[in-house]
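# A look at the structure
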Amino acid sequence: MTKIDIISGFLGSGKTTFIKKILEEKFLAEKVVLIENEFGQIGIDGILFKKSGIEIRELNSGCICCSLVGDFERTIQEVIEKFKPERIIIEPSGVGKLSEIIKACEAAKQGESLHINMLITVVDVLKLDIYLANFGEFFENQIKYAKTILLSKTQKASPEKVEKAVNTIQKINAKANIVTTPWEELSAEKILAIAEGDGTQALENEIKELLQRGMESEGCHCGHNHATEHHHDCCAHEHHHHDADEIFTVWGKETPRIFSVEELRKMLVSLENADAFGDVLRGKGILQVENGAWVQFDYVPEEIQMSEISPDYTGKVCIIGSQLNTNALEKLFFVTN
Ligand SMILES: [Zn+2]
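Thresholds, definitions, all that
- Residues numbered from 1 in each chain as written.
- Predicted model: local features only at pLDDT ≥ 70, side-chain atom pairs only at ≥ 80, totals over all residues.
- Pairing = 2+ DSSP bridges.
- Helix = DSSP H or I, 4+ residues; strand = E, 2+ residues; numbered from the N terminus.
- Axes fitted to C-alpha atoms, helices over the stretch in contact; angles between N-to-C directions.
- Buried ≥ 20, exposed ≤ 12 C-beta atoms within 10 Å, placed from the backbone.
- Contact = placed C-beta atoms within 7 Å.
- pLDDT = per-residue confidence, 0-100.
- Core = buried A, V, L, I, M, F, W, Y, C linked by C-beta atoms within 7 Å.
- Parallel < 35°, antiparallel > 145°, perpendicular 65-115°, else oblique.
- Left-handed = near helix turned anticlockwise from the far one by under 90°.
- Nonpolar A, V, L, I, M, F, W, Y, C, P; charged D, E, K, R; others polar.
- Arc of directions from axis to C-beta.

Read from one edge of the open sheet, seven strands run β3-β2-β4-β1-β5-β6-β7, paired in parallel fashion. Strands with a single pairing partner mark the edges of an open sheet, and in this sheet they are β3 (54–58) and β7 (177–179). Adjacent strand axes in the sheet meet at a mean angle of 20 degrees, parallel and antiparallel pairs treated alike. Pairing geometry for strand β6 (residues 148–152) and β7, over three bridges, is parallel. Note that in β7 the partner of Ile 149 across the bridge is Ile 178.

The next point concerns the environment of Lys 97. When you line up the elements, Lys 97 lands in the loop between β4 (87–91) and α3 (98–108). Classification of Lys 97 by C-beta neighbours within 10 Å gives buried; the count is 22. Note: C-alpha distance between Lys 97 and Gln 142 (45 residues apart in sequence) is 6.1 Å. Not counting the four nearest positions on each side in its chain, Lys 97 is found in contact with Cys 65, Phe 138 and Asn 141.

Residues at a pLDDT of 70 or more form 84% of the protein, whose mean pLDDT is 84. Overall, residues 214–242 carries pLDDT values under 50, and its contacts beyond four positions in sequence, including any with other chains, amount to 27 contacts.

Another aspect to go through is the environment of Ile 116. Within the fold, Ile 116 resides in strand β5 (residues 114–124). Taking the number of C-beta atoms within 10 Å as the measure of exposure, Ile 116 has 16 and is therefore partly exposed. Residue contacts for Ile 116: discarding those within four places in its chain leaves Ile 4, Ile 102 and Cys 105.

Let us now look at the nonpolar core. Formed by 59 residues in total, the largest nonpolar core has its most connected members in Ile 149, Leu 151 and Val 179. In this structure Val 179 touches Thr 148, Ile 149, Leu 150, Leu 151, Ile 191, Ile 194, Tyr 313 and Thr 314, once residues within four positions along its chain are discounted. Within the second largest apolar cluster, 19 residues are counted, among which are Val 280, Phe 297, Ile 320 and Val 335.

Turning to the packing of helix α1 (residues 15–27) against helix α7 (residues 188–196), a few remarks are in order. For the pair α1 and α7, interaxial distance at closest approach is 9 Å and the crossing angle is 100 degrees. By the criterion of interaxial angle, the relationship of α1 to α7 is roughly perpendicular. Residue-level contacts link Lys 21, Ile 22, Glu 25 and Lys 26 of α1 to Ala 188, Glu 189 and Leu 192 of α7.

It is worth spelling out the packing of helix α2 (residues 69–83) against α3 at this point. Look at α2 against α3: their axes get within 9 Å of each other, and the N-to-C directions meet at 50 degrees. Between α2 and α3, the angle falls in the class oblique. In this structure, the crossing between α2 and α3 has a hand that is right-handed. Residues Val 69, Phe 72, Glu 73, Ile 76 and Gln 77 of α2 form the contact with α3, whose participating residues are Ala 104, Cys 105, Ala 107 and Ala 108. Class assignment for the residues of the contact of α2 with α3 results in seven nonpolar, one polar and one charged.

Turning next to unusual backbone geometry. Backbone geometry at Lys 153 places phi at a positive 65 degrees, although glycine is not the residue there. Position of Lys 153 among the secondary structure elements: in the loop between β6 and α6 (159–172). By the C-beta count within 10 Å, which is 17 here, Lys 153 ends up partly exposed. The residue Gln 323 is not glycine, and still its phi comes out positive at about 50 degrees. Summarising the element assignment, Gln 323 is placed in the loop between β13 (315–322) and α12 (326–332).

Across the five residues of β4, four count as buried, placing the element largely inside the fold. Note: strand β1 (residues 2–9) against β4, four bridges, orientation parallel. Bridge assignment links Ile 4 to a residue of β4, and that residue is Ile 88. Bridge count between strand β2 (residues 32–36) and β4: five bridges; the pairing is parallel. Opposite Val 32, over in β4, you have Arg 87 as the bridge partner.

Where α3 is concerned, the buried positions are Leu 98, Ile 101, Ala 104, Cys 105 and Ala 108. Along the long axis of α3, the arc covered by the buried residues comes to 120 degrees, so they all point the same way. If you follow the buried residues of α3, they end up packed against β1, α2, β4, β5 and α5 (136–144).

So, on to the environment of Asn 37. Positionally, Asn 37 belongs in the loop between β2 and β3. Placed 55 residues apart in sequence, Asn 37 and Pro 92 show a C-alpha to C-alpha distance of 5.0 Å. In this structure, Asn 37 is in contact with Leu 59, Cys 63, Ile 64, Glu 91, Pro 92, Ser 93 and Gly 96, ignoring residues within four places of it in sequence.

As C-alpha coordinates, then:
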(Lines give C-alpha, C1' and ligand atoms only; values in the text may rest on other atoms or scores of the structure.)
Protein backbone atom coordinates (compact mmCIF):
# COMPACT_ATOMS: atom_id res chain seq x y z
CA MET A 1 0.00 0.00 0.00
CA THR A 2 1.40 3.37 -1.05
CA LYS A 3 0.25 6.49 0.76
CA ILE A 4 -0.35 9.60 -1.31
CA ASP A 5 0.14 12.95 0.34
CA ILE A 6 -0.83 16.07 -1.59
CA ILE A 7 0.65 19.32 -0.35
CA SER A 8 -0.71 22.28 -2.23
CA GLY A 9 -0.47 26.01 -1.81
CA PHE A 10 0.13 29.18 -3.78
CA LEU A 11 3.53 30.41 -4.87
CA GLY A 12 5.37 31.83 -1.90
CA SER A 13 3.07 30.20 0.65
CA GLY A 14 5.97 28.29 2.16
CA LYS A 15 4.86 24.96 0.75
CA THR A 16 8.34 23.94 -0.46
CA THR A 17 9.88 24.86 2.90
CA PHE A 18 7.26 22.75 4.62
CA ILE A 19 7.90 19.74 2.37
CA LYS A 20 11.63 20.06 3.09
CA LYS A 21 10.87 20.13 6.81
CA ILE A 22 8.83 16.93 6.79
CA LEU A 23 11.30 15.16 4.51
CA GLU A 24 14.26 16.05 6.72
CA GLU A 25 12.61 15.53 10.08
CA LYS A 26 10.46 12.55 9.33
CA PHE A 27 10.78 10.78 6.02
CA LEU A 28 14.53 10.28 5.51
CA ALA A 29 14.17 6.69 6.68
CA GLU A 30 11.14 5.99 4.49
CA LYS A 31 11.00 5.11 0.81
CA VAL A 32 9.49 8.30 -0.56
CA VAL A 33 8.93 9.65 -4.05
CA LEU A 34 8.30 13.34 -4.43
CA ILE A 35 6.43 14.42 -7.56
CA GLU A 36 6.84 18.12 -8.23
CA ASN A 37 4.83 20.14 -10.70
CA GLU A 38 6.72 23.34 -10.58
CA PHE A 39 6.81 25.27 -13.83
CA GLY A 40 8.68 28.45 -13.03
CA GLN A 41 9.13 27.73 -9.35
CA ILE A 42 12.25 26.65 -7.54
CA GLY A 43 11.55 23.25 -6.12
CA ILE A 44 13.30 20.92 -3.74
CA ASP A 45 16.93 20.40 -4.65
CA GLY A 46 17.36 16.71 -5.36
CA ILE A 47 21.04 16.80 -4.38
CA LEU A 48 20.01 17.40 -0.78
CA PHE A 49 18.43 13.99 -0.60
CA LYS A 50 20.88 12.02 -2.69
CA LYS A 51 21.94 9.66 0.07
CA SER A 52 18.43 9.11 1.41
CA GLY A 53 15.65 6.94 0.05
CA ILE A 54 13.93 9.97 -1.44
CA GLU A 55 13.39 10.05 -5.20
CA ILE A 56 12.27 13.17 -7.01
CA ARG A 57 10.27 13.38 -10.24
CA GLU A 58 9.57 16.68 -11.91
CA LEU A 59 6.74 17.49 -14.30
CA ASN A 60 7.47 20.94 -15.61
CA SER A 61 5.82 21.51 -18.96
CA GLY A 62 2.30 22.20 -17.76
CA CYS A 63 -0.17 21.66 -14.98
CA ILE A 64 -0.81 18.16 -13.55
CA CYS A 65 -4.46 18.93 -12.90
CA CYS A 66 -5.25 19.72 -16.55
CA SER A 67 -2.74 19.72 -19.46
CA LEU A 68 -0.46 17.07 -17.92
CA VAL A 69 -3.07 14.94 -16.23
CA GLY A 70 -2.22 11.88 -18.38
CA ASP A 71 1.53 12.24 -17.74
CA PHE A 72 0.81 12.65 -14.06
CA GLU A 73 -1.19 9.43 -13.80
CA ARG A 74 1.47 7.53 -15.74
CA THR A 75 4.22 8.94 -13.49
CA ILE A 76 2.41 7.69 -10.41
CA GLN A 77 2.08 4.22 -11.89
CA GLU A 78 5.70 4.17 -13.05
CA VAL A 79 7.19 5.16 -9.72
CA ILE A 80 5.08 2.57 -7.93
CA GLU A 81 6.27 -0.17 -10.24
CA LYS A 82 9.90 0.94 -10.11
CA PHE A 83 10.34 1.92 -6.45
CA LYS A 84 7.39 0.47 -4.57
CA PRO A 85 7.48 3.52 -2.30
CA GLU A 86 5.76 3.71 1.07
CA ARG A 87 4.73 7.24 0.26
CA ILE A 88 4.32 9.54 -2.70
CA ILE A 89 4.33 13.23 -1.89
CA ILE A 90 2.78 15.41 -4.57
CA GLU A 91 3.59 19.10 -4.76
CA PRO A 92 1.19 20.62 -7.29
CA SER A 93 1.84 23.99 -8.86
CA GLY A 94 0.30 27.00 -7.17
CA VAL A 95 -2.64 27.06 -9.57
CA GLY A 96 -3.41 23.35 -9.49
CA LYS A 97 -6.94 22.50 -8.44
CA LEU A 98 -6.82 20.11 -5.52
CA SER A 99 -10.11 18.45 -6.51
CA GLU A 100 -8.70 17.62 -9.97
CA ILE A 101 -5.44 16.29 -8.54
CA ILE A 102 -7.39 14.02 -6.18
CA LYS A 103 -9.38 12.77 -9.17
CA ALA A 104 -6.19 12.05 -11.13
CA CYS A 105 -4.79 10.08 -8.17
CA GLU A 106 -8.01 8.07 -7.99
CA ALA A 107 -7.70 7.38 -11.72
CA ALA A 108 -4.09 6.22 -11.28
CA LYS A 109 -5.30 3.66 -8.76
CA GLN A 110 -6.47 1.03 -11.23
CA GLY A 111 -4.65 -2.07 -10.11
CA GLU A 112 -2.21 -0.19 -7.89
CA SER A 113 -2.83 -0.15 -4.18
CA LEU A 114 -2.93 3.54 -3.40
CA HIS A 115 -4.41 5.35 -0.48
CA ILE A 116 -4.91 9.11 -0.42
CA ASN A 117 -3.56 10.00 2.98
CA MET A 118 -2.80 13.65 3.68
CA LEU A 119 -4.41 16.60 1.93
CA ILE A 120 -2.59 19.66 3.17
CA THR A 121 -2.87 23.21 1.83
CA VAL A 122 -0.40 25.84 2.96
CA VAL A 123 -2.02 29.28 3.13
CA ASP A 124 -0.15 32.55 3.65
CA VAL A 125 -2.23 34.31 6.32
CA LEU A 126 -1.11 37.74 5.09
CA LYS A 127 -2.26 37.09 1.52
CA LEU A 128 -5.48 35.15 2.15
CA ASP A 129 -7.90 38.00 1.39
CA ILE A 130 -6.02 39.26 -1.67
CA TYR A 131 -5.72 35.79 -3.16
CA LEU A 132 -9.37 34.98 -2.50
CA ALA A 133 -10.36 38.19 -4.29
CA ASN A 134 -8.02 37.68 -7.25
CA PHE A 135 -7.64 33.92 -7.69
CA GLY A 136 -10.86 32.79 -6.06
CA GLU A 137 -11.40 29.71 -8.21
CA PHE A 138 -8.03 27.96 -7.67
CA PHE A 139 -7.50 29.26 -4.23
CA GLU A 140 -10.92 28.35 -2.84
CA ASN A 141 -10.63 24.92 -4.39
CA GLN A 142 -7.32 24.30 -2.58
CA ILE A 143 -8.90 25.31 0.73
CA LYS A 144 -12.17 23.50 0.17
CA TYR A 145 -10.68 20.06 -0.56
CA ALA A 146 -7.91 20.12 2.06
CA LYS A 147 -8.16 18.11 5.25
CA THR A 148 -5.53 20.22 6.95
CA ILE A 149 -4.79 23.90 6.41
CA LEU A 150 -1.38 25.07 7.46
CA LEU A 151 -1.44 28.80 8.00
CA SER A 152 1.98 30.24 7.26
CA LYS A 153 3.49 33.53 8.46
CA THR A 154 1.17 33.69 11.49
CA GLN A 155 4.13 35.01 13.50
CA LYS A 156 4.05 38.11 11.28
CA ALA A 157 0.31 38.67 11.60
CA SER A 158 -1.68 40.23 14.42
CA PRO A 159 -3.80 37.82 16.52
CA GLU A 160 -6.91 39.53 15.08
CA LYS A 161 -5.73 38.86 11.54
CA VAL A 162 -5.17 35.18 12.36
CA GLU A 163 -8.62 34.89 13.96
CA LYS A 164 -10.23 36.53 10.94
CA ALA A 165 -8.38 34.22 8.57
CA VAL A 166 -9.58 31.17 10.51
CA ASN A 167 -13.18 32.41 10.23
CA THR A 168 -12.80 33.01 6.49
CA ILE A 169 -11.33 29.53 5.96
CA GLN A 170 -14.03 27.88 8.05
CA LYS A 171 -16.68 29.42 5.83
CA ILE A 172 -15.11 27.66 2.83
CA ASN A 173 -14.20 24.46 4.66
CA ALA A 174 -15.73 23.84 8.06
CA LYS A 175 -14.10 20.45 8.54
CA ALA A 176 -10.39 21.06 8.01
CA ASN A 177 -7.97 21.19 10.90
CA ILE A 178 -6.35 24.60 10.83
CA VAL A 179 -2.80 24.91 12.11
CA THR A 180 -2.39 28.45 13.44
CA THR A 181 0.76 28.02 15.49
CA PRO A 182 3.83 29.03 13.45
CA TRP A 183 4.73 25.62 12.08
CA GLU A 184 8.44 26.28 12.41
CA GLU A 185 7.79 25.89 16.16
CA LEU A 186 6.06 22.54 15.77
CA SER A 187 7.77 19.26 15.10
CA ALA A 188 7.00 17.57 11.79
CA GLU A 189 5.78 14.67 13.89
CA LYS A 190 3.13 16.80 15.60
CA ILE A 191 1.90 18.32 12.33
CA LEU A 192 1.74 14.94 10.63
CA ALA A 193 -0.17 13.45 13.57
CA ILE A 194 -2.87 16.04 12.92
CA ALA A 195 -2.77 15.71 9.13
CA GLU A 196 -2.84 11.92 9.15
CA GLY A 197 -5.29 11.48 11.97
CA ASP A 198 -8.21 13.45 13.16
CA GLY A 199 -6.70 16.00 15.47
CA THR A 200 -9.92 17.78 16.37
CA GLN A 201 -11.52 14.66 17.76
CA ALA A 202 -8.74 13.77 20.14
CA LEU A 203 -9.59 16.11 22.99
CA GLU A 204 -13.28 15.42 22.76
CA ASN A 205 -12.73 11.67 22.90
CA GLU A 206 -10.36 12.05 25.78
CA ILE A 207 -12.88 13.97 27.83
CA LYS A 208 -15.68 11.53 27.00
CA GLU A 209 -13.52 8.69 28.15
CA LEU A 210 -12.61 10.47 31.36
CA LEU A 211 -16.22 11.09 32.09
CA GLN A 212 -17.24 7.53 31.38
CA ARG A 213 -14.51 6.23 33.64
CA GLY A 214 -15.53 8.65 36.37
CA MET A 215 -19.12 7.48 36.22
CA GLU A 216 -18.23 3.84 36.36
CA SER A 217 -16.01 4.20 39.38
CA GLU A 218 -18.55 6.27 41.26
CA GLY A 219 -21.42 3.96 40.40
CA CYS A 220 -23.61 6.94 39.61
CA HIS A 221 -24.56 8.20 36.21
CA CYS A 222 -25.04 11.78 37.17
CA GLY A 223 -21.43 12.66 36.44
CA HIS A 224 -21.03 15.05 39.31
CA ASN A 225 -17.91 14.96 41.33
CA HIS A 226 -19.06 13.65 44.68
CA ALA A 227 -15.95 14.73 46.50
CA THR A 228 -16.76 18.39 45.96
CA GLU A 229 -20.49 17.87 45.75
CA HIS A 230 -22.73 20.88 45.82
CA HIS A 231 -25.57 19.50 43.70
CA HIS A 232 -26.44 16.82 46.17
CA ASP A 233 -29.97 16.20 45.02
CA CYS A 234 -28.86 15.17 41.54
CA CYS A 235 -28.61 11.49 42.37
CA ALA A 236 -32.13 11.33 43.75
CA HIS A 237 -33.46 11.53 40.20
CA GLU A 238 -34.14 8.33 38.35
CA HIS A 239 -31.75 8.60 35.46
CA HIS A 240 -29.67 5.52 35.96
CA HIS A 241 -30.76 3.87 32.77
CA HIS A 242 -29.86 6.65 30.40
CA ASP A 243 -26.78 6.57 28.25
CA ALA A 244 -24.21 9.23 28.83
CA ASP A 245 -25.00 10.70 25.41
CA GLU A 246 -28.59 11.39 26.35
CA ILE A 247 -27.71 13.30 29.46
CA PHE A 248 -24.50 15.04 28.55
CA THR A 249 -23.53 17.30 25.77
CA VAL A 250 -19.99 17.92 24.66
CA TRP A 251 -19.10 21.32 23.29
CA GLY A 252 -15.74 21.92 21.67
CA LYS A 253 -14.11 24.68 19.65
CA GLU A 254 -10.74 25.59 18.26
CA THR A 255 -9.29 29.04 18.56
CA PRO A 256 -6.02 30.77 17.71
CA ARG A 257 -6.75 33.45 20.33
CA ILE A 258 -4.05 34.37 22.84
CA PHE A 259 -5.45 34.55 26.38
CA SER A 260 -3.94 36.04 29.49
CA VAL A 261 -3.50 33.52 32.30
CA GLU A 262 -5.42 35.76 34.70
CA GLU A 263 -8.29 36.21 32.24
CA LEU A 264 -8.44 32.48 31.62
CA ARG A 265 -8.57 31.70 35.33
CA LYS A 266 -11.48 34.11 35.78
CA MET A 267 -13.28 32.60 32.80
CA LEU A 268 -12.91 29.12 34.25
CA VAL A 269 -14.15 30.26 37.65
CA SER A 270 -17.20 31.77 35.96
CA LEU A 271 -18.13 28.33 34.58
CA GLU A 272 -19.55 27.61 38.04
CA ASN A 273 -22.45 29.88 37.12
CA ALA A 274 -25.04 27.28 36.06
CA ASP A 275 -27.63 29.95 35.20
CA ALA A 276 -25.30 31.37 32.59
CA PHE A 277 -23.65 28.26 31.14
CA GLY A 278 -25.69 25.24 32.21
CA ASP A 279 -24.28 22.47 34.37
CA VAL A 280 -20.60 22.31 33.46
CA LEU A 281 -19.16 19.06 34.74
CA ARG A 282 -15.77 18.95 33.15
CA GLY A 283 -13.68 21.18 30.96
CA LYS A 284 -10.40 20.66 29.27
CA GLY A 285 -8.38 22.74 26.91
CA ILE A 286 -5.07 23.73 25.43
CA LEU A 287 -4.70 27.44 24.79
CA GLN A 288 -2.01 29.90 23.91
CA VAL A 289 -1.23 32.51 26.58
CA GLU A 290 1.09 35.51 26.66
CA ASN A 291 4.73 35.39 25.59
CA GLY A 292 4.35 32.42 23.28
CA ALA A 293 3.54 30.06 26.16
CA TRP A 294 0.79 27.43 26.13
CA VAL A 295 -1.26 26.05 28.99
CA GLN A 296 -3.41 23.03 29.43
CA PHE A 297 -6.34 23.47 31.79
CA ASP A 298 -8.51 20.96 33.57
CA TYR A 299 -11.77 22.05 35.08
CA VAL A 300 -14.13 20.31 37.44
CA PRO A 301 -16.47 22.38 39.61
CA GLU A 302 -14.46 24.14 42.32
CA GLU A 303 -11.21 22.76 41.02
CA ILE A 304 -9.12 24.36 38.31
CA GLN A 305 -5.73 23.13 37.25
CA MET A 306 -3.44 24.79 34.75
CA SER A 307 -0.04 23.65 33.63
CA GLU A 308 2.40 24.80 30.99
CA ILE A 309 2.77 22.59 27.92
CA SER A 310 4.52 22.69 24.55
CA PRO A 311 2.76 24.50 21.65
CA ASP A 312 -0.06 22.71 19.89
CA TYR A 313 -1.22 23.32 16.32
CA THR A 314 -4.01 25.61 17.50
CA GLY A 315 -5.86 26.32 20.71
CA LYS A 316 -8.84 24.19 21.65
CA VAL A 317 -11.36 23.97 24.41
CA CYS A 318 -13.84 21.26 25.29
CA ILE A 319 -16.66 21.46 27.81
CA ILE A 320 -18.94 18.67 28.92
CA GLY A 321 -22.10 19.08 30.92
CA SER A 322 -25.86 19.01 30.83
CA GLN A 323 -28.10 21.69 29.39
CA LEU A 324 -25.09 23.66 28.25
CA ASN A 325 -25.72 27.14 26.94
CA THR A 326 -23.43 26.88 23.96
CA ASN A 327 -24.01 30.49 22.90
CA ALA A 328 -22.78 31.70 26.26
CA LEU A 329 -19.79 29.36 26.05
CA GLU A 330 -18.93 30.67 22.58
CA LYS A 331 -19.00 34.22 23.92
CA LEU A 332 -16.96 33.32 26.99
CA PHE A 333 -14.17 31.76 24.93
CA PHE A 334 -14.39 34.35 22.12
CA VAL A 335 -15.17 31.78 19.45
CA THR A 336 -18.32 33.31 17.93
CA ASN A 337 -18.03 33.52 14.16
ZN1 LIG B 1 -4.31 22.51 -13.95
